[in-house]
Amino acid sequence: MVSPIPVISKTALHLETELVTDWSRNVNSTAQLAAGVRLLTAQVHNNNGEWHLCHTSCSLLDVGKLSNWLAEIKSWMDNNPYEVVTLLLVNSDNAPASALDSEFKAANLNSFAYTPPSTTTAMNTWPTLQDMITNNTRLVTFVASLPSSSNTIAPYLLDEFTFVFENNYDVTSLSNFTCTPDRPPAVQGNTRMAVSSGRLPLMNHFLDTQQAFFQTPDYGNITTTNAQSGATGNLGGAAANCTSVYGQAPTYLLVDFFDQGSAINTVDALNGITPVGRAGVPNVATQSRSSGGIGRRDALNGALIKSSLAMVVVVGLMAQL
């Protein structure tokens, strides 16, 4: 008899490699995964011929080689054989598929990669967690952007906007959060088309504040922005609204500073679960920085999609082999 899987926590809290001003609030990727992170994202740049995780420019923030970060994820997945993880890479300097594939192979993370039947159209039905775990294809990787026409060498590297749609991300007022699709252009402003296309909804929910010539995270309002309920602009209310608009819960909730406010509780409530055996949110004051664990944005993986236990899209559900 095969032992049941413990809790497969799909609450995708992730840390994106984005610029921050308060380093004490950063949590490395391993600690985030232990706390329930199931979607990790990073911005990839060419730094003197090597592929690094940077923000906008490696002269602003460089947290090391992409392959080192991928190796960190590989190590965690080796030690957690019942977990499914998603990566979202922002391909800032247009790395070819061959270069990204080499980075994954250097970390041997490609050994976990899931490849869908088609890489050119969104899927109406994803494999179940059971299937992905049984087949040990527990890693889904989206790249923004990597057109399938230019990728014949590594089909597991999926063009993000073929499979995902997002609402607006450039919000500076708590009253301006919306569920209306903004990207990709093919479904911009058309919720019905976005949902019917089979794309997975990614709900951006982070607040910026305008500085002289750039925007920074609005940390002063973070407990409101990440709240489960309450004042205008709270995460729980926005998630409930988008669930109603889309006819399904968002697959991903993207937030700033997941350790502040009630972001994890919001996702657990969205999925109707009480987690068992999950590590708590780290005490960020004691966390060390890692190659891939420094950044600005955190994300939450959403809930049930298309009535099945679907790969990265189901959050925090009990499952058995």
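Before reading further, recall that the structure is shown in the block above.
The rules behind these values
- Residues numbered from 1 in each chain as written.
- Predicted model: local features only at pLDDT ≥ 70, side-chain atom pairs only at ≥ 80, totals over all residues.
- Heavy atoms only, no water.
- Phe/Tyr/Trp six-rings, centres within 6.5 Å; stacked < 30°, edge-to-face > 60°.
- Helix = DSSP H or I, 4+ residues; strand = E, 2+ residues; numbered from the N terminus.
- Buried < 20%, exposed > 50% of the residue type's maximum accessible area, 1.4 Å probe, protein only.
- Lys NZ or Arg CZ within 6 Å of the ring centre and 35° of its normal.
- Disulfide = S-S within 2.5 Å.
- Contact = heavy atoms within 4.5 Å.
- Pairing = 2+ DSSP bridges.
- Axes fitted to C-alpha atoms, helices over the stretch in contact; angles between N-to-C directions.
- Polar contact = N/O pair within 3.5 Å; in protein donor to acceptor, adjacent residues only side chain to side chain.
- Parallel < 35°, antiparallel > 145°, perpendicular 65-115°, else oblique.
- Left-handed = near helix turned anticlockwise from the far one by under 90°.
- Nonpolar A, V, L, I, M, F, W, Y, C, P; charged D, E, K, R; others polar.

### Thoughts on the packing of aromatic side chains
Line of reasoning, step 1. Tallied over the full model, the rule gives six aromatic pairs.
Line of reasoning, step 2. Look at Y114 and W126: their rings are 6.1 Å apart centre to centre, the planes differ by 50 degrees, and that puts the pair in the tilted class. In this pair, Y114 is assigned in the loop between α3 (97-107) and α4 (129-134) and W126 in the loop between α3 and α4, connecting sequence segments 12 residues apart. When sorted by exposure, Y114 lands in the same class as W126, which is buried.
Line of reasoning, step 3. Between F142 and F163, the ring centres sit 6.1 Å apart and the planes meet at 35 degrees, which makes this aromatic pair tilted. Residue F142 is found in strand β7 (residues 139-144), and its partner F163 is found in helix α5 (residues 160-163); the two are separated by 21 residues along the sequence. For the pair shown, F142 and F163 are each scored as buried.
Line of reasoning, step 4. Taken together, the ring pairs in this structure connect Y114, W126, F142 and F163 into an aromatic cluster.
Line of reasoning, step 5. When the ring centre of F112 is taken as origin, the NZ or CZ atom of R138, which lies over that ring, is 4.6 Å away.

### Section: the state of the cysteines
Line of reasoning, step 1. Throughout the structure, instances matching the rule amount to two disulfides.
Line of reasoning, step 2. One disulfide bridge connects C54 with C58, the sulfur atoms lying 2.0 Å from each other. Residues C54 and C58 share a disulfide whose torsion about the S-S bond is about 85 degrees; that sign makes it right-handed. C58 carries the same exposure label as C54, and that label is buried.
Line of reasoning, step 3. Each sulfur of the disulfide joining C179 and C242 lies 2.1 Å from the other. Its S-S torsion of approximately -100 degrees makes the covalent link between C179 and C242 left-handed. Highlighted residues: C179 in the loop between β9 (164-167) and β10 (181-183) and C242 in helix α8 (residues 235-246), separated in sequence by 63 residues. With respect to class, C179 is no different from C242; both count as buried.
Line of reasoning, step 4. Numbered by order of appearance in the sequence, the disulfide-linked cysteines of the chain pair as 1-2, 3-4.

### Notes on α3
Line of reasoning, step 1. Buried residues of α3: A97, A99, L100, D101, E103, F104 and A107, and no others.
Line of reasoning, step 2. Residues of α3 that are buried in the fold lie against β3 (39-47), β4 (50-55), α2 (66-79), β6 (85-91), β7 and β8 (157-159).
Line of reasoning, step 3. Remark: N108 follows α3 within two positions and exhibits a positive phi of approximately 60 degrees.

### Describing the pairing of strand β14 (residues 252-256)
Line of reasoning, step 1. Most of β14 sits out of view: five of its five residues are buried.
Line of reasoning, step 2. The alternating pattern of β14 places Y252, L254 and D256 on one face and L253 and V255 on the opposite face, and all of these are buried.
Line of reasoning, step 3. Two strands pair when backbone bridges link them, and strand β11 (residues 200-204) and β14 are joined in this way by three bridges, in the parallel orientation. From the neighbouring strand, M203 faces β14, where its bridge partner is L253.

### Brief notes about the sheet that holds strand β5 (residues 57-65)
Line of reasoning, step 1. Strand order in the open sheet formed by six strands is β5-β4-β3-β6-β7-β8, and the pairing between neighbours is mixed. The open sheet has two edge strands, β5 and β8, and neither has a second partner. Between one strand and the next, the sheet's axes are offset by a mean angle of 45 degrees, whatever the strand orientation.
Line of reasoning, step 2. Where β3 meets β6, six bridges bridge the pair, whose relative direction is parallel.

### Section: the environment of S175
Line of reasoning, step 1. Note that S175 resides in the loop between β9 and β10.
Line of reasoning, step 2. With relative accessibility at 54%, the residue S175 sits in the exposed group.
Line of reasoning, step 3. With 58 residues separating them along the chain, S175 and G233 place their C-alpha atoms 5.8 Å apart.
Line of reasoning, step 4. Separated by 3.0 Å, the side chains of S175 and S173 make a polar contact.

### Observations concerning the packing of α8 against helix α9 (residues 263-271)
Line of reasoning, step 1. Contact geometry of α8 with α9 gives a least axis separation of 9 Å together with a crossing angle of 30 degrees. In terms of orientation, α8 lies roughly parallel with respect to α9. As α8 runs across α9, the sense of the crossing is right-handed. Seen from α8, the contacting residues are L235, G236, A239 and T243; seen from α9, they are A263, T266 and L270.
Line of reasoning, step 2. Residue composition of the contact of α8 with α9, by class: four nonpolar, three polar and no charged.

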